[in-house]
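Observations on the three-dimensional arrangement
What follows is each chain in one-letter form.
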Amino acid sequence: MRRFGLILTVMGLFLTLWIFFRHLPSAAAQSGQSAALVRTSGSAPVTPKPPLTSSLVTPIVPPGSTLYLAKRGDTVASIAHHFLSQTSFLTSSELAEAIRKANIDLEKKTFLKAAEPVIVPGMLEAPIVEKTVPVARDFEVRAIYLTGLMAGSDHGIRIIRHWHEVGGNAVVFDIKDSDGSVNIPFEHPLLGKHHTPLPDLPKFVRFLHSQNMHAIARVAIFRDQRLVVEHPELAVKSHRTGQPWQENGKLVWTDPSQPKVQEYDIALAMKAAQSGVDEVQFDYVRFPAEGDQKDASFVFQAEHADWHRTDVISDFLKHAYAEIHPTGVLLSLDVFGVMAWQRPVDLAHTGQDIVGMAQHCDVLSPMIYPSHFFGMDGIAHPGDAPEHFIGTSMDRFILITKSSGVVIRPWLQAFHWRTKTYSPQYIEVQVQTAKEKGGIGFLFWNAANDYSKPYVAMPEMRSSKGKYFRGDEIPSSVQASLGDESSPPRPPTAP
């Protein structure tokens with residue numbers, strides 16, 4: 001009996017062990033354990049793979065990729081969103097498409113099984129560090145403007161690629177909008193949590209460089225609704241009430257003479273310079289021009305009683321240029337087109353003394369949109385007289401800056417407002433006139449980022465050698481590949 005009992009005990013032990021080992025993989029898959037990663041790029045160690053269910057086979061992971069074991073409820077889109085910041089891809093949809101291509105079984109799937117292996121391509125060994133591509137101040141820029149939100153989107157990426165295809169060589173993109181929204185990661189005591197449509201500026205700049213694009217980061221300087229709402233002590237003040245002053249009922253202006261405001265904007269510009277951009281462009285580098293000007297009071301009026309608004313702007317630019325210029329990054333300034341007329345009322349309100357500003361920048365970009373010259377030169381429909389207003393404006397800007405060495409690179413009209421003749425030919429007339437009058441390069445503005453007319457005009461202008469533009473290009477040796485982490489450093493272009 002004792003022997004029989006011993007036999008039963010042994011048989012029971014074997015049965016228990018058999019049941020345990022047979023269900024071990026399934027139990028591991030359902031235990032709620034966190035999904036594991038297996039990294040194979042470079043020399044990084046490969047972490048042991050947890051057991052998979054018998055129906056799943058561990059794929060061979062190519063270099064530069066990671067193996068992710070899905071959790072129940074995961075989708076390709078959610079995995080792409082999670083890993084985007086660790087990859088060379090610019091948008092989640094681009095990464096999701098690459099994941100599907102790298103995993104044939106996922107082409108038509110929506111939800112993934114628990115512990116299903118997923119290859120995630122384009123993994124970076126370390127965050128991208130991008131370097132500025134220095135160019136001379138008279139490098140011929142042919143640019144379009146993109147909002148920060150557009151620049152960080154799939155559609156924006158398509159616009160950039162198409163602009164390159166038709167002959168463009170530069171992009172202006174917002175890192176701070178005229179409402180004060182900052183579009184890149186930026187830590188500063190005056191700025192709290194904020195949305196970042198461009199979450200990795202060095203990565204975005206590397207993409208622009210890979211497209212042979214000159215990267216221009218636009219900063220709206222003193223018009224900053226976000227800053228004055230969160231920090232009303234930095235706003236222009238009302239003489240009557242002592243409260244923040246409003247421009248036509250809107251609280252949108254910081255005090256341009258406020259040192260904290262100036263430091264904030266220079267710090268943001270330096271952040272862009274350190275992220276590899278090739279040029280920083282200041283817009284709204286002026287005082288408010290509308291509203292009750294007599295009621296507006298500023299810090300400088302107490303600290304520098306003998307100063308005018310023009311002195312404040314020139315002093316600010318002197319300090320900003322001293323910070324930015326040594327980095328090899330160009331500094332350009334957007335200015336009102338009407339400032340070339342140097343009317344006392346415009347100087348008194350805006351503080352934009354072109355002669356003084358030209359001493360502290362590399363490029364001046366007057367906004368000489370024909371449609372904006374209403375009421376001037378006796379022309380009833382200025383928007384339909386691009387040759388006249390572009391030509392007259394350029395003549396004046398070239399004349400008043402002739403001894404400064406600054407480059408005049410105008411903003412041109414790429415929208416149909418106040419004109420019945422907007423067309424590809426309208427684009428060509430503006431570009432040709434600006435060049436003939438001494439302009440070097442051009443910038444196209446369209447607030448909606450619709451460049452359908454310039455797209456048509458550019459190939460025609462490019463084929464007419466030298467008539468519309470020289471055709472400067474960043475040397476092909478500076479091209480970078482987002483997918484190649486071993487790309488050699490790009491040499492600077494010759495001045």
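Notes on the structure in this doc start here. Not measured: the values here are computed from a predicted model.

**A short note on the overall build of the protein**
Across its full length, the protein holds 15 helices and 14 strands. Taking contacts inside the protein between residues at least 6 apart in sequence as the whole, the part at least 24 apart equals 76%. Carbon and sulfur atoms make up 57% of the accessible area of the protein, which totals about 23200 Å².

**Here we look at the packing of helix α2 (residues 76-83) against helix α3 (residues 92-102)**
Two numbers describe how α2 lies on α3: the axes approach to 8 Å, and their chain directions differ by 120°. Looking at the two axes, α2 sits oblique to α3. Taken as a pair, α2 and α3 cross one another with a handedness that is right-handed. Along the contact surface, α2 presents V76, I79, A80, H81 and F83, while α3 presents S92, L95, A96, I99 and R100. A per-class count over the contact of α2 with α3 returns 7 nonpolar, 2 polar and 1 charged.

**Overview of the environment of I99**
Along the chain, I99 turns up in helix α3. Along the chain, I99 and I79 lie 20 residues apart, while their C-alpha atoms are 9.0 Å from each other. Among all residues touching I99, those that are not within four sequence positions of it are V76, I79, A80, L106, V118, I119, V120 and P121.

**Some thoughts on the packing of aromatic side chains**
As enumerated under the stated definition, the model contains 19 aromatic pairs in all. With centroids separated by 5.5 Å and ring planes inclined at 80°, the aromatic side chains of Y68 and F83 adopt a geometry described as edge-to-face. Of this pair, Y68 sits in strand β2 (residues 66-69) while F83 sits in helix α2, and the two are 15 residues apart along the sequence. Accessibility assignment for this pair places Y68 and F83 in one class, buried. On the basis of an interplanar angle of 15° and a centroid distance of 4.0 Å, the ring pair of Y145 and W445 is categorised as stacked. Pair noted here: Y145 is in strand β4 (residues 142-146) and W445 is in strand β14 (residues 442-445), with a separation of 300 residues, a long-range link. Judged on exposure class, the residue Y145 and its partner W445 are both buried. Ring pairs connect the aromatic residues W163, F442, F444 and F469, which therefore count as one cluster. Across from the ring centre of F469, 5.0 Å away, lies the NZ or CZ of R142, which sits over that ring.

**Considerations on the side chain of D362**
Looking at the element boundaries, D362 is found in the loop between α12 (354-357) and β11 (363-367). One polar contact links D362 to R137, side chain to side chain, over a distance of 3.1 Å. Not counting residues within four places of it along the chain, the set of residues in contact with D362 comprises R137, Y321, H325, V329, L330, L331, V406 and V407.

**Quick notes on helix α6 (residues 201-210)**
The buried fraction of α6 amounts to 10 of the 10 residues, a majority that puts the element mostly inside the structure. Taken together, the buried positions of α6 are L201, P202, K203, F204, V205, R206, F207, L208, H209 and S210. For α6, the elements touching its buried residues are α4 (148-151), α5 (154-166), β5 (170-176), β6 (214-220) and α8 (259-274).

**Details of the pattern of salt bridges**
Scanning the entire structure with this criterion turns up 18 salt bridges. The shortest N-O distance in the salt bridge between E97 and K101 comes to 3.4 Å. In this pair, E97 and K101 both sit in helix α3, 4 residues apart, roughly one turn of the helix. Judged by its relative accessible area of 45%, E97 falls in the partly exposed class. K437 is paired through a salt bridge with D395; the nearest N and O atoms lie 3.3 Å apart. One end of the pair, K437, is in the loop between α14 (424-436) and β14; the other, D395, is in helix α13 (residues 386-400), and 42 residues separate them in sequence. Taken together, the shared-partner salt bridges connect E140, R142 and E473 into one network.

**Brief notes about the environment of H319**
Checked against the element boundaries, H319 lands in helix α10 (residues 309-324). Accessibility expressed as a relative area gives 44% for H319, which makes it partly exposed. Sequence separation between H319 and Q262 is 57 residues, and the spatial gap between their C-alpha atoms is 9.2 Å. Polar contacts involving the side chain of H319 include one to the main-chain carbonyl oxygen of D315, which spans 2.9 Å.

**A look at the nonpolar core**
Core analysis: the largest hydrophobic core is formed by 118 residues, its most contacted members being F173, F282 and F444. Here F173 is in contact with L146, A151, L198, L201, F204, L208, A215, I216, A217, R218 and V277, once residues within four sequence places are set aside.

**As for the side chain of Q352**
Tracing the backbone shows Q352 in the loop between α11 (344-350) and α12. If we ignore the near neighbours within four places in the chain, the residues touching Q352 are V285, R286, D334, V335, F336, M339, L347 and M357.

**What about the pairing of strand β3 (residues 117-120)?**
Burial along β3 is two-sided: P117 and I119 and V118 and V120, pointing in opposite directions, are all buried. Sheet analysis places β2 next to β3, joined by 4 bridges and oriented antiparallel. Considered in β3, the bridge of Y68 is made with V118.

**A closer look at the pairing of β5**
The element β5 is largely enclosed, with a buried count of 7 among its 7 residues. Here β4 pairs with β5 via 4 bridges, running parallel. For A143, the partnering residue across the bridge sits in β5 and is A170. Sheet analysis places β5 next to β6, joined by 6 bridges and oriented parallel. Looking across to β6, one finds that A170 is bridged to H214. Following the backbone out of β5, through α6 and into the adjacent parallel β6, one traces a crossover that is right-handed.

**A few points about unusual backbone geometry**
For N248, which is not glycine, the phi dihedral falls at a positive 55°. Summarising the element assignment, N248 is placed in the loop between β7 (237-238) and α8. The class of N248 is exposed, set by a relative accessible area of 54%. The phi torsion at N449 lies on the positive side, around 60°, for a residue other than glycine. Among the secondary structure elements, N449 is positioned in the loop between β14 and α15 (452-463). Given the relative accessible area of 5%, N449 is considered buried.

Conventions used here
- Residues numbered from 1 in each chain as written.
- Predicted model: local features only at pLDDT ≥ 70, side-chain atom pairs only at ≥ 80, totals over all residues.
- Heavy atoms only, no water.
- Helix = DSSP H or I, 4+ residues; strand = E, 2+ residues; numbered from the N terminus.
- Contact = heavy atoms within 4.5 Å.
- Areas by Shrake-Rupley, 256 points an atom, 1.4 Å probe, with all protein chains shown as cover.
- Axes fitted to C-alpha atoms, helices over the stretch in contact; angles between N-to-C directions.
- Parallel < 35°, antiparallel > 145°, perpendicular 65-115°, else oblique.
- Left-handed = near helix turned anticlockwise from the far one by under 90°.
- Nonpolar A, V, L, I, M, F, W, Y, C, P; charged D, E, K, R; others polar.
- Phe/Tyr/Trp six-rings, centres within 6.5 Å; stacked < 30°, edge-to-face > 60°.
- Buried < 20%, exposed > 50% of the residue type's maximum accessible area, 1.4 Å probe, protein only.
- Lys NZ or Arg CZ within 6 Å of the ring centre and 35° of its normal.
- Polar contact = N/O pair within 3.5 Å; in protein donor to acceptor, adjacent residues only side chain to side chain.
- Salt bridge = Lys/Arg side-chain N within 4 Å of Asp/Glu carboxyl O.
- Core = buried A, V, L, I, M, F, W, Y, C linked by side-chain atoms within 4.5 Å.
- Pairing = 2+ DSSP bridges.
- Right-handed = clockwise from strand over helix to strand, strands pointing away.

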